[in-house]
Structures are given as C-alpha cells and as structure tokens.
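Take a look at the letters that make up each chain.
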Amino acid sequence: MAISSSINTNVGAFSALRNLNASRLDQSRTENRISTGQKVSGALDQASLFAIAQSIRGELSANAAVQQGLNQTSGAVKVATAGATAISDLTTDIRGKLVELSNPALTGEQQGLLRNDLDALLGQAQGFVDNSSFNGTNLLESGAGDLNTLQNADGDVLSVSGQGTVADSLATLAAADFSDPASVLSNEFSAFQSALNSSLGDLGASSRRITSQNDQLQGIADATEEGLGNIVDADLGREAARLQADQVRGQLSQLSLGIANRSPQALLGLFRS
C-alpha cells in the first residue's frame, strides 16, 4: 500500500515540487519565446523544425549574395548609361561644329577657333568616358570586356556586354582629318554616333534585365521570409496569455508545496499534544 502521508516521506511535497519545477520550466520557455519572438530558436525547441529553418536561412543568405552582385552590376550599368547619355548630349554640338567647319567662307582664324571648340568638345566627351567607372569597372572604355554576374543561386549567369566601341569610335573621330569636315560627318562622326546609340540601347536593355531579375529575387526572398516566419515565429499574443497561465500555475504550485511542507509539522504537533 502506498504511503500518502508520513513524517519521513512527504509524498505530497514531492508531487508539489515536481509541479513547481514543471511550471517554472514552462514559464522559462514562454519567456524565451516572447523575448526572442521565436517559438523555435534552437535545436532544443524542435530539432526537425530548427534544421528546416536553418536550411531556409541558408537559401535566404545565398539569395542575398546574388542580389548584392546584381546591385553592383546595376551600379556599373547605370554609371555607364549616365556617361553615354552625357556624351550623346554633346553630339549635337559636335555635329554643329563640323557643319560650321564645312563653310568655305570661313577665314583661317575662324577655322582655328572652331577647331579649338571642337577639340574641347571631344576632350569633354573623353572625360565622360574616363569618369564612367563604378567600383573599378568602366563599360565604356576601350577594350571593356563583358561584365558577368550570378542571376540566381543555381549558378546561372547574367552577362552585360562591354561598350568599348564608344571610346574606340570617339578616338577615331578625334584623330580624323578635319580639313574635310563633310567627309568626317559622313564617316567618323556617323560611326561614332551609331556606336553611341547602339551602346545606349544595349545598356538600357541590360539595366531592365537586372532590375527584372532583382525584383524576382526580392519577391522570392519575401515569400521565403514569410514561410520561415510561419515555421519559427511565435504568436506573441498567444504567448503572453500562456505566460500569465504559467505564472498562475507557478503560484499555485508554490502554494501547494508550502501546504505539503507544513503537513508533517502539523502531524508532529498533534503527536506531541
């Protein structure tokens, strides 16, 4: 027959102590969920869910690294586009100077002044090329190679074509024989303008591709973050209510333990009387 009450063995106190320890453990877990905002913050909570969450976090990290590379490439493309656009704005003035030089009524002095203006414009255009560098990458300079970057975590590559023809055609125009401005307009200047327009088109298309790819990756990241949250995030309203219940349980367990601990003393008092 089990002992329900004894001076030497206080079964009631043992039971109350177990309940108190259990309530304190539950309260500690609930407080941890509230403080971290996560119902699964480590392998001790739920090993399988924690392993899944860690795998998802790895996917998010890889996705973020790909986006960082795309953003760097986007920066190089935007700077190159800005440089090519600035050069394009100069082509009207360059063309105008070449047309003016074609006027046979010009004096030698006037031709010299126009040549100086033309050289200044071409030098300004070359300055735009030289300044179109982002993080060490210049897509407009002579010999510029293609710029490759990862477009997803699967290893697929997005390639942006180098636009070195802009600098090459500008150098050819600057070295032209301006004694025959009409010929320069038809040949070197026409080739320069064609290369510039082609580069602007290619850069614009590349910029749109990068933006589209980045938007897709961001959408995937947002959806993945939401899925991860469904796995590991705690419902703070529910946890707050659970904490109150745990605290009440703890108080009741402490009260029960106190009563159980006083029972043997009461029995001893009766025995002495």
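Please refer to the structure placed before this passage.
Calculation notes
Residues numbered from 1 in each chain as written. Predicted model: local features only at pLDDT ≥ 70, side-chain atom pairs only at ≥ 80, totals over all residues. Heavy atoms only, no water. Salt bridge = Lys/Arg side-chain N within 4 Å of Asp/Glu carboxyl O. Helix = DSSP H or I, 4+ residues; strand = E, 2+ residues; numbered from the N terminus. Buried < 20%, exposed > 50% of the residue type's maximum accessible area, 1.4 Å probe, protein only. Pairing = 2+ DSSP bridges. Core = buried A, V, L, I, M, F, W, Y, C linked by side-chain atoms within 4.5 Å. Contact = heavy atoms within 4.5 Å.

**Comments concerning the pattern of salt bridges**
In step 1: Scanning the model with the defined rule gives two salt bridges in all.
In step 2: Between D119 and R115 there is a salt bridge, and its shortest N-O distance comes to 4.0 Å. Note that D119 and R115 are positioned in helix α3 (residues 108–130) at a spacing of four residues, about one turn of the helix.
In step 3: Overall, the relative accessible area of 31% leaves R115 in the partly exposed class.

**Here's the deal with the pairing of strand β4 (residues 157–160)**
In step 1: What you see with β4 is a clean split: L158 and V160 sit on the buried side and V157 and S159 on the side with no burial.
In step 2: Both strand β3 (residues 147–150) and β4 contribute to a ladder of four bridges, which runs antiparallel. Paired with L150 across the two strands is V157, which belongs to β4.
In step 3: Between the antiparallel neighbours β3 and β4 lie six residues, among them G155 with a positive phi of about 95°.

**Section: the environment of G145**
In step 1: Its location among the elements puts G145 in the loop between β2 (137–138) and β3.
In step 2: G145 sits 16 residues away from S161 along the chain, and the two C-alpha atoms are 6.9 Å apart.

**Brief notes about the environment of D117**
In step 1: On the secondary structure map, D117 appears in helix α3.
In step 2: The partly exposed category is assigned to D117, whose relative accessible area is 36%.
In step 3: Residues D117 and I94, spaced 23 residues apart in sequence, show a C-alpha to C-alpha distance of 8.8 Å.

**Section: the nonpolar core**
In step 1: Ranked by internal contacts, the top residues of the largest apolar core, which has 37 residues, are I94 and L98.
In step 2: Those elements that place two or more of their residues in this core are α2 (47–101), α3, β4, α4 (165–174) and α5 (181–232).
In step 3: Counting residues per element, this core draws most heavily on α2, at 11 residues.
In step 4: When neighbours within four sequence positions are excluded, L98 is seen to be in contact with L118, F178, P181, V184, L185 and F189.
In step 5: Among the nonpolar cores identified, the runner-up in size contains six residues, and I56, A221, L228 and V232 belong to it.

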